[in-house]
Amino acid sequence: MLSLSSHIPPPHSNGFIATTPSRSDAVADESSGSVHANMEGSSPCILLAIAIFKIYLQGYYKGDEHDVIPIHWMPLECILHNKFSIESDVWAYGICLWEIFSYTLQLYYGMTHEEVIKYIKDGNVLGCPENTPLPVYALMRRCWNRKTSDRPSFKEINHCIQHSIAEHECKTALEIGK
């Protein structure tokens, strides 16, 4: 029997990952005293797991008109043509990076789904979160390239992140040595 867990790499615990903010699945609303489940934050994970399995079996996943997709995490080829691929996963990864470095600010704040689609169609992308290293934001922008073939592979992404970690550790060591 094919198991997805055998294809998922173990979590890493280096300084970069350990210091990134965690994402909460619930948000407290102090004014009303209630807690809201963050369904937008968890739904893409479930859909992504299904899409990855289907991509694994046939190279890409083409949904049907009844599929519900998380617009805020998807590139135009998913939104307009319901076609999912490794390249669309790269786009979603760039969005996840943005969420981490923005400390989970709301994506496309104040925009309706239709406005988000128009915003992306017009060639716009999310701005650089405050205090984000420029190489990391440059990587996000590469992930959001309209042309799927110009998006980085996950191997390239890993290399960029490892390079950023090494650079950060080097700068930190130099600052400690002063």
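Please refer to the structure higher up on the page.
Residues numbered from 1 in each chain as written. Predicted model: local features only at pLDDT ≥ 70, side-chain atom pairs only at ≥ 80, totals over all residues. Heavy atoms only, no water.

## Remarks on helix H6 (residues 134-143)
Put simply, the rule is: We call a residue buried when its accessible area falls under 20% of the maximum for its residue type, exposed when it is over 50%, and partly exposed in between, using a 1.4 Å probe and counting protein chains only. A run of H or I in DSSP becomes a helix once it reaches four residues, and a run of E becomes a strand once it reaches two; helices and strands are each numbered from the N terminus. Arc definition: it is the arc formed by the directions from the helix axis to the C-beta atoms. Contacts are assigned to residue pairs with any non-hydrogen atoms lying within 4.5 Å of each other.
Those residues of H6 not exposed but buried are Val136, Tyr137, Leu139, Met140 and Cys143. For H6, the buried positions fall inside an angular range of 155 degrees around the axis, keeping them on one side. Close packing links the buried residues of H6 with helix H4 (86-101) and helix H7 (154-177).

## Some remarks on unusual backbone geometry
For Asn82, which is not glycine, the phi dihedral falls at a positive 55 degrees. Accessibility expressed as a relative area gives 13% for Asn82, which makes it buried. The phi dihedral of Tyr108 falls on the positive side, at around 50 degrees, and the residue is not glycine. Mapped onto the secondary structure, Tyr108 falls in the loop between H4 and helix H5 (113-121).

## Some thoughts on the side chain of Thr132
Turning to its location among the elements, Thr132 is positioned in the loop between H5 and H6. You can call Thr132 buried: its relative accessible area is 9%.

## As for H4
Our working rule: The span one expects for a helix is its residue count, reduced by one, times 1.5 Å.
For H4, spanning 16 residues, the distance from its first C-alpha to its last is 23 Å, which sits close to the expected 22 Å at 1.5 Å a residue. All of the buried residues in H4 are Ser88, Asp89, Val90, Trp91, Ala92, Gly94, Ile95, Leu97, Trp98, Glu99 and Phe101. Taken from the residues just after H4, Tyr103 is the one with a positive phi, measuring 55 degrees.

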